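# A structural walkthrough
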Amino acid sequence: MAGFLPEGSAVMTSFLQQARAGVQGLAPYQPGKPVDELQRELGLARVVKLASNENPLGPSPKALAAMQKALANPLELGRYPDGSGFRLKQAISQRFGCALEAITLGNGSNDLLDIIARVFLGEGDEAIYAQYAFAVYPLSVQAVGATGVCVPALDYGHDLTAMAQAITAKTKVIFLANPNNPTGTWFAEADFHAFMAAVPAHIVVVLDEAYCEFVSDPAALNGLAQLGRYPNLIVTRTLAKAYGLASLRVGYGVASVEISGLLNRVRQPFNVNSLALVAAEAAINDDEFVQKTREIIAAGMAQWQAATKAFNLTSIPSRGNFLCVDMGTEAMPVFQALLREGVIVRPVANYGLPSHLRISIGTEEENNFAINGLSRVLDAQVKA
Ligand SMILES: *Cc1c(COP(=O)(O)O)cnc(C)c1O
């Protein structure tokens, strides 16, 4: 459809050119295909979606119960949510031992990334992130007119030494993802300290820990434990992955009280809705659910690793709830063939990984369905 103005009309191009250069240069974020759309398109009896790193168990049951309780009081849903998110912040504060004033709530942690960009970045500023890092960093950076500096990866992971060397007088923010999406790569605590020692104190470092709950290694870096040592650090986390609240859009950032004060000035006052607030408050303390999730993901990861090995495929070692598998060939036709098998995974060519597919770990049964589908696709490939 052509829209409201005749295509190519002078008036149209004139105002489109007013958009920030950084925005004109962005490719729109490609969300995964919705299950019902694929089912309708291809007339499939069953579709398994392993495309967006969601929790295959759905939400924490405690979160569900909290939302049901909130729904029993519909008049409250007609009101604006608590703009300060007091109860959720209190739960986070008690859980992780940080001050209430150190917390910023986000409409998903993506919202926090946007808020950070709006607070610290503008025209002429630079923000550093790694090659293959989360796609939202360039979105947030370019939307405010700043320049993204993408530093080549090392073995698909962050090259922290090179990232520190990429700092210039214009650098204001550095984004780190640990573990990273879509690669699942991570870095060790010692490497983080060496990196922070090389970063001038006026530069804000964002440590995105969207997948930290899946990391079982007790020696792994815990960003929240580093905040006392680095006043220029912001740690972001989400309820979307391990807690199963992806659709509700809720995340949090923790930083010095001073930085959090700035973030909270820019935050839209009602950015987290009432149901998300009560769900997150309940989920944060549902250890049993998070533990069960961790076990399912660990078992599913082993299942996928065994399958890829049997298929003679390599994958990037991952600490997330997903695995980036090298198809050894252009991945798009494999992705398309998997769709016809009722399996949705995520192509990552937009990340510069044209031969990989990112597969989110599902339940044992979902994994089996997808592995069987992949087996048929690979067989057909060999015969073709
Ligand atoms: C999923 C994800 C997030 C969080 O997304 P929200 O749903 O907005 O909380 C943040 N960072 C990375 C690296 C992710 O993969």
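Residues numbered from 1 in each chain as written. Predicted model: local features only at pLDDT ≥ 70, side-chain atom pairs only at ≥ 80, totals over all residues. Heavy atoms only, no water.

Threshold: UniProt positions are given in the numbering used here, feature names are shortened, and annotations may be inferred rather than shown by experiment.
An unreviewed UniProt entry lists the chain under the name Histidinol-phosphate aminotransferase, with Paraperlucidibaca wandonensis given as the organism. Per UniProt, the chain carries the Catalytic activity (unreviewed entry) text "L-histidinol phosphate + 2-oxoglutarate = 3-(imidazol-4-yl)-2-oxopropyl phosphate + L-glutamate".

### As for the pattern of salt bridges
Stated precisely, the cut-off is as follows: Counted as salt bridges are all cases of a side-chain nitrogen of Lys or Arg within 4 Å of a carboxyl oxygen of Asp or Glu. Only DSSP runs of H or I with at least four residues qualify as helices, and only runs of E with at least two residues qualify as strands; both kinds are numbered from the N terminus onward. For every residue, the accessible area (1.4 Å probe, protein chains only) is compared with the maximum for its type, and the residue is labelled buried under 20%, exposed over 50%, or partly exposed between those bounds.
The tally for this structure, following the rule as stated, stands at 11 salt bridges. Glu123 is the partner of Arg20 in a salt bridge, and the nearest nitrogen-oxygen pair spans 2.8 Å. Of this pair, Arg20 sits in the loop between helix H1 (10-16) and helix H2 (21-24) while Glu123 sits in the loop between helix H7 (109-120) and strand S3 (126-130), placing them 103 residues apart in sequence. One salt bridge in this structure joins Arg319 and Asp217, with 3.2 Å as the shortest N-O distance. Highlighted residues: Arg319 in the loop between strand S9 (314-316) and strand S10 (322-326) and Asp217 in the loop between strand S6 (204-208) and strand S7 (233-238), separated in sequence by 102 residues. Given the relative accessible area of 21%, Arg319 is considered partly exposed. Owing to a relative accessible area of 30%, Asp217 belongs among the partly exposed residues under this scheme.

### Considering the packing of H7 against helix H8 (residues 136-143)
Rules: Each axis is a line fitted through C-alpha atoms, and for a helix only the stretch in contact is used; angles between axes span 0 to 180 degrees, taken between their N-to-C directions. What makes a crossing left-handed is the near helix being turned counterclockwise from the far one by less than a right angle; a clockwise turn instead makes it right-handed. Two residues qualify as a contact provided that any one of their heavy atoms is within 4.5 Å of a heavy atom in the partner residue. Throughout this entry, Asp, Glu, Lys and Arg are counted as charged residues, while Ala, Val, Leu, Ile, Met, Phe, Trp, Tyr, Cys and Pro are counted as nonpolar. The remaining residues, Gly among them, count as polar.
Their axes nearest at 9 Å, the elements H7 and H8 cross at an angle of 35°. Read as a crossing pair, H7 and H8 show a hand that is right-handed. When H7 is examined against H8, the residues Asn110, Leu113, Asp114 and Ala117 are found in contact with a partner set consisting of Val136, Tyr137, Ser140 and Val141. A breakdown of the residues in the contact of H7 with H8 according to their chemical character gives five nonpolar, two polar and one charged.

### Focus on the domain arrangement of the chain
Put simply, the test is: Each domain's extent is set by a domain assignment, obtained either automatically or from a database. Buried area is understood as the total, over both parts, of accessible area removed when two parts are fitted together, assessed with a 1.4 Å probe.
Entries for the chain in the domain assignment read domain 1 (31-58 + 288-383) and domain 2 (61-286). With 25 residues of domain 1 at the interface, the matching set in domain 2 holds 26 residues. The contact between domain 1 and domain 2 buries some 2200 Å² in all, and 64% of this surface belongs to carbon and sulfur atoms. Linking domain 1 with domain 2 are one salt bridge, by the criterion used here.

### Describing the sheet that holds strand S13 (residues 353-360)
Where we set the bar: Think of it this way: DSSP has to see at least two bridges between two strands before they count as a pair.
Taken in spatial order, the four strands make up an open sheet running S9-S10-S13-S12, and their pairing is antiparallel. At either margin of the open sheet sits one strand with a lone partner, and together these are S9 and strand S12 (346-348). Within this sheet the neighbouring strands show an average axis-to-axis angle of 35°, counted without direction. Across three bridges, S9 lies against S10 in antiparallel orientation. Each bridged residue has a counterpart across the sheet, and for Thr314 the counterpart in S10 is Asp326. Against the sheet, helix H13 (residues 287-310) touches S9, S10 and S13, its axis set at about 10° to S10. Of the strands in this sheet, S12 and S13 touch helix H14 (residues 331-340), which is tilted by about 35° from S13.

### Notes on the sheet that holds S3
Strand order in this open sheet of seven strands is S2-S8-S7-S6-S5-S3-S4, and the pairing throughout is mixed. Sheet topology places strand S2 (103-106) and strand S4 (147-151) at the edges, where each strand pairs with a single neighbour. Averaged over all neighbouring strand pairs, the angle between strand axes comes to 20°, with direction disregarded.

### Things to note about helix H11 (residues 257-266)
The condition that has to hold: Throughout, the arc means the angular range of directions from the helix axis out to the C-beta atoms.
Residues of H11 that are buried include every one of Ile259, Ser260 and Leu263, and no others. The buried side chains of H11 occupy one side of the element, clustering within an arc of 95° when seen end-on. Pointing more than 90 degrees away from the buried face of H11 are the exposed residues Glu258 and Arg265.

### What about the site of the ligand?
Quick reminder of the rule: Proximity is defined per residue: if any heavy atom of the residue lies within 4 Å of a molecule or strand, that residue is considered near it. Nitrogen and oxygen atoms within 3.5 Å of one another constitute a polar contact, given that in protein one can donate a hydrogen and the other can accept it, and given that sequence-neighbouring residues count only through two side-chain atoms. Values of accessible area rely on a 1.4 Å probe in the Shrake-Rupley scheme; residue burial ignores everything except the protein chains shown.
Residues in close proximity to the ligand include Gly108, Ser109, Asn110, Phe134, Asn181, Asp208, Ala210, Tyr211, Thr238, Ala240, Lys241 and Arg249, which together make up its full environment. In this structure, an oxygen atom belonging to the ligand sits 2.7 Å away from a main-chain N or O atom of Ser109. Between an oxygen atom of the ligand and a side-chain N or O atom of Arg249, the distance comes to 2.7 Å. About the coverage of the ligand: the protein hides 94% of its 380 Å² of free accessible area. For the shell around the ligand, a count of residues per class yields four nonpolar, five polar and three charged.

### Topic: the UniProt feature "modified residue: N6-(pyridoxal phosphate)lysine" (unreviewed entry) in the chain
Per the UniProt record, the feature "modified residue: N6-(pyridoxal phosphate)lysine" (unreviewed entry) sits at Lys241. Position of Lys241 relative to the elements: it lies in the loop between S7 and strand S8 (251-255). Take Lys241: its relative accessible area is 14%, and that puts it in the buried class. Beyond its immediate chain neighbours, meaning those up to four positions away, Lys241 contacts Ser52, Asn53, Asn55, Ala210, Tyr211 and Phe214. Here the side chain of Lys241 touches Tyr211 through a polar contact of 3.1 Å, side chain to side chain.

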